[in-house]
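# Breakdown of the fold
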Amino acid sequence: QVQLVESGGGLVQAGGSLRLSCAASGRTFSSSTMGWFRQAPGKEREFVAAISWNGGSTYYADSVKGRFTIGRDDAKNTVYLQMNSLKPEDTAVYYCAAKRTPIWTKNPSMYNYWGQGTQVTVSS
């Protein structure tokens, strides 16, 4: 089975930057999709960004377009989320997720594997 481990979360000031990483192990992701989601206290899990593992196509939520960038390193089976111009409303637990098929979706129920999450807190 696939294991996903997020890292890079922490406490930052508004306007600052943070880079999250998601390391995948246990299988090959040549035909999969990787995504980032976030969940703030009392709110539903929200799509942030996704990338096709083999094709490289990227997708973003409107709330993060122009500020966040998703990237990949195929050799290390790692997906990154570069977060710039952070706002207090970005505060949440960020989750890495993987889907077995290469067809992209922002629906979290379609993803098969999830990491444990990493906390991102943006002070104002």
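Everything in this summary refers to the structure shown in the same document.

### What about the nonpolar core?
One finds Leu4, Trp36, Leu81, Met83 and Tyr94 to be the most contacted residues of the largest nonpolar core, which totals 33 residues. Looking at this core, the elements with two or more residues in it are strand S3 (18–25), strand S4 (33–39), strand S5 (46–52), strand S7 (68–73), strand S8 (78–83), strand S9 (92–99) and strand S11 (118–123).

### Description of the sheet that holds S7
The four strands lie next to each other as S1-S3-S8-S7, forming an open sheet whose pairing is antiparallel. The sheet is open, and its two borders are formed by strand S1 (3–7) and S7, each paired with just one other strand. When strand polarity is set aside, the average angle formed by the axes of neighbouring strands in this sheet is 15°. Direction of pairing for S3 relative to S8: antiparallel, over a ladder of six bridges. Residue pairing in the sheet places Ser21 in a bridge with Tyr80 of S8.

### What about the packing of aromatic side chains?
Summed over all chains, the structure comprises seven aromatic pairs. By way of ring pairs, the aromatic residues Phe37, Phe47, Tyr59, Tyr95, Trp104, Tyr111 and Trp114 are connected into one cluster. Taking NZ or CZ as reference, Arg45 lies 3.9 Å from the ring centre of Tyr95, over its face.

### Overview of the pairing of S9
Of all eight residues that make up S9, seven are buried, and the element is covered over most of its length. Direction of pairing for S4 relative to S9: antiparallel, over a ladder of seven bridges. Residue pairing for S9: Trp36 is matched across the bridge by Cys96. Where S9 and S11 come together, three bridges link them in antiparallel fashion.

### Some remarks on the pairing of S8
With five of six residues buried, S8 is to be regarded as a mostly interior element. Between S7 and S8, which pair antiparallel and follow one another directly, the connecting turn spans four residues, one of which, Asn77, has a positive phi of 50°.

### Structural notes on the state of the cysteines
Under the counting rule described, the total for this entry stands at one disulfide. A disulfide bridge connects Cys22 with Cys96, and the sulfur atoms are separated by 1.9 Å. Torsion about the S-S bond of the Cys22 and Cys96 cystine: about -75°, corresponding to left-handed handedness. In this pair, Cys22 sits in strand S3 while Cys96 sits in strand S9, placing the two residues 74 residues apart along the sequence. Taking relative accessible area as the criterion, Cys22 reaches 0% and is therefore assigned buried.

### Let's talk about the pattern of salt bridges
Enumeration according to the criterion identifies five salt bridges in this entry. Two residues, Lys65 and Asp62, come together in a salt bridge whose shortest N-O distance is 3.1 Å. Of the charged contacts in the structure, one is a salt bridge between Asp90 and Arg67, with a shortest N-O distance of 2.8 Å. Here Asp90, found in the loop between S8 and S9, pairs with Arg67, found in the loop between strand S6 (58–60) and S7; they are 23 residues apart in sequence, far enough to count as distant. Neither residue differs from the other here; Asp90 and Arg67 are each classed as buried. Counted as one network, the salt bridges with shared partners bring together Arg38, Glu46, Arg67 and Asp90.

Rules of the game
Residues numbered from 1 in each chain as written. Predicted model: local features only at pLDDT ≥ 70, side-chain atom pairs only at ≥ 80, totals over all residues. Heavy atoms only, no water. Core = buried A, V, L, I, M, F, W, Y, C linked by side-chain atoms within 4.5 Å. Buried < 20%, exposed > 50% of the residue type's maximum accessible area, 1.4 Å probe, protein only. Helix = DSSP H or I, 4+ residues; strand = E, 2+ residues; numbered from the N terminus. Pairing = 2+ DSSP bridges. Axes fitted to C-alpha atoms, helices over the stretch in contact; angles between N-to-C directions. Phe/Tyr/Trp six-rings, centres within 6.5 Å; stacked < 30°, edge-to-face > 60°. Lys NZ or Arg CZ within 6 Å of the ring centre and 35° of its normal. Disulfide = S-S within 2.5 Å. Salt bridge = Lys/Arg side-chain N within 4 Å of Asp/Glu carboxyl O.

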